[in-house]
Amino acid sequence: MTTPRPETLAKLTPVLTKRWLSPDAWRIGTYEQLDGYAALRKALKAHPDDLIQLIKDSGLRGRGGAGFPTGLKWGFIPQGDGKPHYLVVNADEGEPGTCKDLPLMTHDPHALVEGVIIASYAIRAARAYIYIRGEAVHAARRLRNAVQEAYDKGYLGRNILRSGYDLELVVHSGAGAYICGEETALLDSLEGFRGQPRLRPPFPATHGLYASPTVVNNVGTIASVPPIVLGGADWWKTMGTEKSSGPMIYSLSGRINNPGQYECSMGVTLRDLLELAGGMQPGHNLKFWTPGGSSTPLLAAEHLDVPLDFEGVAAAGSILGTTATQIFSDQDCPVYATYRWLEFYHHESCGKCTPCREGNYWMVRVYRRILAGQGTHEDLDTLLDTCDNILGRSFCGLGDGATSSVTSSLKYFKQDYLDYIEGRTAPKLSDKQLVGAH
Ligand SMILES: Cc1cc2nc3c(=O)[nH]c(=O)nc-3n(C[C@H](O)[C@H](O)[C@H](O)COP(=O)(O)O)c2cc1C
Ligand code: SF4
């Protein structure tokens, strides 16, 4: 196991994670002792428009995957329209490999609650929702407890801190479907319908929850708001790169010695992150990795020094996504890993549009055939052709994301496919698992 050098350790920038290791970090007493709710007091003295401007100036971009500028999104909410406004926090976190929002809500739920109050005040919402993944029982319990503590202390409810501002905050547990992380499917689910994406436009900024102006933001985005209010936009921009400001929680999993969450300035490289995580496990060499979850194209060992910010990863042909860095070694098979991800997308496809519903179904079958040693060279063309018919033709990002590991693994690791097809690699699946593969 490698020990990180002091200069690499210095790349850790704990802002959202800074309280995680404090005793009882999830309790309001601990939170208040460690700067908690100081940002709210400051924010309630400011004009809401000034808060929106502050977030614009900080350059904060959404932490839910797409990196949309947060201040700009808040600014889209029409003011003086006489309609109720809503803030909805997306705490669904269903992307394979992604593990930053649930630990945040488990260890430091008040950071999210405080962010919710400030963001709701800025967009003039009187009601906010946190939509949390149903299976995340422990995190939901901590969050509900934190919300109750905040009500008891007068941070939520009527006339918050005697400012005249009222806010109700509801924690809603979903039933556990990846598609309900897509923001419009989430809104349908929250309204009590089956979670399926809505046609856009109109966008949630004008026709969101209950057809009213709504901001949907990721947990990490909203939890970034209190530190920005306290530290200021210029301080926030001392971390990260010009277009990707601030710190980011990178969740590392796979063939490394110390998996977990590492918060660093955006633009850190996988080389640094691997050093922080104690290096690769003994006997394993890096072969492929995802920069931001299973829906981002795979990168290879040659990409160790790519800056992990929105622009740097895009220039390398992938997507920063949720910064879920899954590490695979030369003892892992990219064909099999891609098959397992496709099984997930096939299972989670909501079925609303044909390219995703049918394409994933068929691709799973082609993979089974290849992994059972019965694939053909033509199958590789079929996979690329199917991806071509899914990418950009699906109704939502789930379909697009499903193609990422297929096309990228064929780009970097075609030989691994050929080894199955030409009989050099022993089949990984048996004939029994081949049902429906022909
Ligand atoms: C299939 C699918 C699943 C998604 N899951 C999540 C999720 O679990 N959490 C999340 O914040 N965003 C998720 N998103 C992105 C959201 O649609 C939306 O962009 C995000 O919540 C906006 O928040 P942000 O601007 O703070 O990043 C998902 C998108 C797709 C297409
Ligand atoms: S892309 Fe997939 S998940 Fe999205 S609407 Fe179409 S079928 Fe549903």
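Residues numbered from 1 in each chain as written. Chains lettered and ligands numbered in written order. Predicted model: local features only at pLDDT ≥ 70, side-chain atom pairs only at ≥ 80, totals over all residues. Heavy atoms only, no water.

**Q** Tell me about the overall build of the protein chain, and please be specific about residues and values.
**A** Tallying secondary structure elements over the protein chain gives 20 helices and nine strands in all. At 22 Å, the protein chain has a C-alpha radius of gyration in line with the 22 Å of a compact globule built from 438 residues. Structurally, the protein chain occupies a C-alpha span of about 75 × 50 × 35 Å along its principal axes. Sequence-distant contacts in the protein chain: of pairs separated by 6 or more residues, those separated by 24 or more amount to 71%. As presented, the protein chain carries roughly 17800 Å² of accessible surface, and 53% of it is formed by carbon and sulfur atoms. Measuring between centres, the 43 positive side-chain charges of the protein chain sit 4 Å from its 47 negative side-chain charges. (Helix = DSSP H or I, 4+ residues; strand = E, 2+ residues; numbered from the N terminus. Rg over C-alpha atoms; globule rule 2.2 N^0.38 Å. Contact = heavy atoms within 4.5 Å. Areas by Shrake-Rupley, 256 points an atom, 1.4 Å probe, with all protein chains shown as cover. Lys, Arg positive; Asp, Glu negative; His and termini not counted. Charge placed at Lys NZ, Arg CZ, Asp CG, Glu CD.)

**Q** Explain the site of ligand 2 to me, using residue names and the numbers behind them.
**A** Residues in close proximity to ligand 2 total 13 residues, the closest being Cys350, Lys352, Cys353, Cys356 and Cys396. Of the residues assigned to the shell around ligand 2, the class counts are eight nonpolar, four polar and one charged. (Near = heavy atom within 4 Å. Nonpolar A, V, L, I, M, F, W, Y, C, P; charged D, E, K, R; others polar.)

**Q** Lay out a nonpolar patch on the surface in plain terms, naming residues and giving numbers.
**A** A cluster of nonpolar side chains, contributed by Phe68, Leu72 and Phe76, occupies part of the molecular surface with about 270 Å² of accessible area. Relative to the assigned elements, Phe76 resides in the loop between helix H5 (70–75) and strand E1 (86–91). Note on Phe76: relative accessible area 45%, which makes it partly exposed. (Patch = residues over 30% accessible without salt bridge, like charges linked within 9 Å, V, L, I, M, F, W, Y side chains within 5 Å. Salt bridge = Lys/Arg side-chain N within 4 Å of Asp/Glu carboxyl O. Buried < 20%, exposed > 50% of the residue type's maximum accessible area, 1.4 Å probe, protein only.)

**Q** Which residues make up the site of ligand 1, and what values do they have?
**A** Around ligand 1 sit 18 residues in total, of which Gly64, Lys73, Glu93, Asn218 and Thr221 are the nearest. One nitrogen or oxygen atom from the side chain of Asn217 is found 2.9 Å from an oxygen atom belonging to ligand 1. In this structure, Thr221 approaches ligand 1 through a side-chain N or O atom, which is 2.7 Å from an oxygen atom. Of all the secondary-structure elements, those providing two or more residues to the shell around ligand 1 are strand E4 (214–218) and helix H19 (397–412). Here the shell around ligand 1 takes three residues from E4, the largest share from any one element. In terms of residue class, the shell around ligand 1 is built from three nonpolar, nine polar and six charged. (Polar contact = N/O pair within 3.5 Å; in protein donor to acceptor, adjacent residues only side chain to side chain.)

**Q** Describe the sheet that holds strand E2 (residues 127–132), and please don't skip the residues or the numbers.
**A** Think of a sheet as strands paired side by side through backbone hydrogen bonds, with each pair either parallel or antiparallel. The strand order across the open sheet built from four strands is E3-E2-E1-E4, with neighbouring strands paired in parallel fashion. Lying at the two open borders of the sheet, with one neighbouring strand each, are strand E3 (168–173) and E4. For this sheet the average axis-to-axis angle between neighbouring strands, irrespective of direction, equals 20°. Sheet topology note: the E1/E2 ladder contains six bridges and is parallel. Along E2, the bridge assignment pairs Asn90 with Tyr131. The sheet contacts of helix H7 (residues 109–123) involve E1, E2, E3 and E4, and relative to E1 the element is tilted by about 150°. Taken strand by strand, helix H8 (residues 137–152) contacts E2 and E3, and its axis lies near 170° from that of E3. (Pairing = 2+ DSSP bridges. Axes fitted to C-alpha atoms, helices over the stretch in contact; angles between N-to-C directions.)

**Q** Report on unusual backbone geometry, specifying residues and quantitative values.
**A** A cis amide bond links Arg200 with the next residue in sequence, Pro201, at an omega value of -5°. Considering the arrangement of structural elements, one finds Pro201 in the loop between helix H9 (183–190) and helix H10 (204–207). Cis geometry is adopted by the peptide bond preceding Pro202, which originates at Pro201 and carries an omega value of 5°. Turning to its location among the elements, Pro202 is positioned in the loop between H9 and H10. The residue Tyr210 is not glycine, and still its phi comes out positive at about 50°. As for its placement among the helices and strands, Tyr210 is situated in the loop between H10 and E4. Backbone geometry at Thr323 places phi at a positive 50°, although glycine is not the residue there.

**Q** Kindly report on the pairing of strand E6 (residues 260–265), identifying the contributing residues and their values.
**A** Every regular strand shows the same layout, with side chains that alternate between the two sheet faces. Counting buried positions over the six residues of E6 gives five, a clear majority of the element. Two elements, strand E5 (residues 247–254) and E6, share six bridges in a ladder whose sense is antiparallel. Along E6, the bridge assignment pairs Pro247 with Ser265. Connecting E5 to the antiparallel partner E6 that follows it, the hairpin turn spans five residues.

Structural measurements only, silent on function.
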